[in-house]
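Residue-level structural notes
The primary structure of each chain is shown beneath.
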Amino acid sequence: MIILGLVILVAAVVIGVAGVLSNSGSAHELTGGFSVFGVDVTGSTGTLFLCGIVVGAAALLGLSLILTGTRRTTRRGRAARRGLKSSRRESAAAEQERGGLINERGSARAQTAQAEGDDADSAGPVERPRHKQHWFHRRAAPR
């Protein structure tokens, strides 16, 4: 959109400048015809004024397209920057929460290990049964 506006604006400026420069001097009176890019245009001063209005409108259209395109690009960039900032904030908050959970888990493990160590020291060794059940072997029958 910006490029199209720029092309229209440049074309309007070139046509306007060519019309002025090619019709300068005493040989090109306003009451006579005028030429643009080698094309002779005959008419009155009203025709010249009308051509000026058309060229001005084309320039205005090109300029408005340029400004519209830059506003849209700026708006998209602003929205992208806002999204990036919020994403970074969310990521930092999640990272902070993750660190807190890791610390809580570590302290809980340390407390559990300390409690198990205290229980083992006070009660002494724990007696456990010696027999094992095997899934695929038969136990010997009692005699």
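Here we summarise the structure given alongside this text. (Residues numbered from 1 in each chain as written. Predicted model: local features only at pLDDT ≥ 70, side-chain atom pairs only at ≥ 80, totals over all residues. Heavy atoms only, no water.)

Below, the discussion takes up the pattern of salt bridges. For the coordinates displayed, the defined rule picks out one salt bridge. Glu95 is the salt-bridge partner of Arg98, the closest N and O atoms lying 3.4 Å from each other. Pair noted here: Arg98 and Glu95 are both in helix H2 (residues 45-123), with a separation of three residues, about one helical turn. Overall, the relative accessible area of 48% leaves Glu95 in the partly exposed class. (Salt bridge = Lys/Arg side-chain N within 4 Å of Asp/Glu carboxyl O. Helix = DSSP H or I, 4+ residues; strand = E, 2+ residues; numbered from the N terminus. Buried < 20%, exposed > 50% of the residue type's maximum accessible area, 1.4 Å probe, protein only.)

Here the focus is a positive patch on the surface. Positive charge collects at one region of the surface, where Arg71, Arg72, Arg75, Arg76, Arg78, Arg81, Arg82, Lys85 and Arg89 lie side by side. Turning to its location among the elements, Lys85 is positioned in helix H2. Residue Lys85 is classed as exposed on the basis of its relative accessible area, which comes to 55%. (Patch = residues over 30% accessible without salt bridge, like charges linked within 9 Å, V, L, I, M, F, W, Y side chains within 5 Å. Areas by Shrake-Rupley, 256 points an atom, 1.4 Å probe, with all protein chains shown as cover. Lys, Arg positive; Asp, Glu negative; His and termini not counted. Charge placed at Lys NZ, Arg CZ, Asp CG, Glu CD.)

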